[in-house]
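# Analysis of the macromolecular model
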Amino acid sequence: MKIDKPLGARLWVFAVWASIAFFVVNLLAMIATVVMSSFATRWLRSWFPDGFTTKWYASAWSEFQLGDVLLVTFQVVFAVVALSGLIGVPAAYAMARREFPGKKLVMLLFLLPLLVPPITFGIPLATVLYKSGLGGTMFGVILANLVPTVPFVILVMIPFVEQIDPRVEAAARVFGAGTFRLFVHVLVPLLLPGVLAALLLVLVRTIAMFELTFLTAGPTSQTLVVALYYAVFAAGVRAVQSIDAMAVIYMVVTLVWLIIALRFVNPTQIVTRAKRENT
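Residues numbered from 1 in each chain as written. Predicted model: local features only at pLDDT ≥ 70, side-chain atom pairs only at ≥ 80, totals over all residues. Heavy atoms only, no water.

### Notes on the overall build of the protein chain
For the protein chain, the helix and strand inventory stands at 12 helices and zero strands. Along the protein chain, helices (α) and strands (β) appear in the sequence α-α-α-α-α-α-α-α-α-α-α-α when read from the amino end. Computed over its C-alpha atoms, the radius of gyration of the protein chain comes to 24 Å, more than 25% above the 19 Å expected for a compact globule of 279 residues. Seen through its C-alpha atoms, the protein chain measures out along the principal axes to roughly 75 × 75 × 30 Å. For the protein chain, the proportion of its 279 residues judged to be buried stands at 39%. (Helix = DSSP H or I, 4+ residues; strand = E, 2+ residues; numbered from the N terminus. Rg over C-alpha atoms; globule rule 2.2 N^0.38 Å. Buried < 20%, exposed > 50% of the residue type's maximum accessible area, 1.4 Å probe, protein only.)

### A few points about a nonpolar patch on the surface
There is a patch of nonpolar side chains on the surface, built from Trp12, Val13, Val16, Trp17, Ile20, Phe23, Val24, Leu27, Leu28, Met30, Ile31 and Met251 and spanning about 1,200 Å² of accessible area. Broken down by element, the residue count for the nonpolar patch peaks at 11 residues, all from helix 1 (residues 7–38). By secondary structure assignment, the location of Trp17 is in helix 1. (Patch = residues over 30% accessible without salt bridge, like charges linked within 9 Å, V, L, I, M, F, W, Y side chains within 5 Å. Areas by Shrake-Rupley, 256 points an atom, 1.4 Å probe, with all protein chains shown as cover. Salt bridge = Lys/Arg side-chain N within 4 Å of Asp/Glu carboxyl O.)

### A few points about helix 5 (residues 118–131)
Under the 1.5 Å per step criterion, the end-to-end length of helix 5 is 20 Å for 14 residues, consistent within 8% with the ideal 20 Å. Along its buried surface, helix 5 packs onto helix 4 (103–115), helix 6 (138–163) and helix 9 (211–216). Following helix 5 by one or two positions, Gly133 adopts a phi angle in the positive range, close to 85°. (Expected span 1.5 Å × (residues − 1). Contact = heavy atoms within 4.5 Å.)

### Re the environment of Ala247
Its place among the elements puts Ala247 in helix 11 (residues 240–262). Taking the C-alpha atoms as reference, Ala247 lies 9.8 Å from Ile31; in sequence the two are 216 residues apart. Each residue touching Ala247, except ones within four places of it in the same chain, is listed here: Val34 and Leu228.

### Observations concerning the confidence of the model for the protein chain
Per-chain confidence: the protein chain averages 81 in pLDDT, with 91% of residues scoring 70 or above. This stretch, residues 269–275, has a pLDDT under 50; its non-local contacts, to residues over four places away or in other chains, come to 14 contacts. (pLDDT = per-residue confidence, 0-100.)

Right, here's the structure in full:
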């Protein structure tokens, strides 16, 4: 026999779904407004623009030098993702397998860049980089973005390392595997779901990282999100449609990268896959 839910429970479920629907509708409306404005010839005091054109994309591409900006963005993101993986995964293995004095303090230090707002440590970090001659360069932007991403990879990977039975590593060493071969041929295949998940999140985080990149980037090392900020707030008169076109390009680039990354990893099945491969 079907039991009806109490009125209070039904009202609560309705309120939750209504809130979600309200949020989704507003989000889609804002995105649709920006996209429509990027194609509008003129849009004043009406529900829809007077006409549509694609000239604003060509204008944004030339005015904001988006070809160079996109190239810098790709270089920074790929460098940060690669270095975060190369540094973070071995460090996570060491933190998971080794006991040493001050280990809890080290873990706390890893947490700080993730808990503290980036602007808080970004200003002194930018000061150090500029004094050392790295501020305003692409290498300086990469270093600044590594500060939160490497600890992030370490904290994500530690549980994956701990799920691997140490006897698997002991058996590999018994059969003559050295440290390098053990890591490459045994640990990496078992840790692959966690590595892909961590690097996927680093990729998305780096694309959207504004504060650290803004504080350390120069005219030739701006990523797309920083260039978009300058397009909005820099001095001079610019067509709103061209700025909206740039915002659409930013959304499309982020979405395409996310779709490509999700093609190789399913975040909802990461832990399940890791446990299954470990078994």
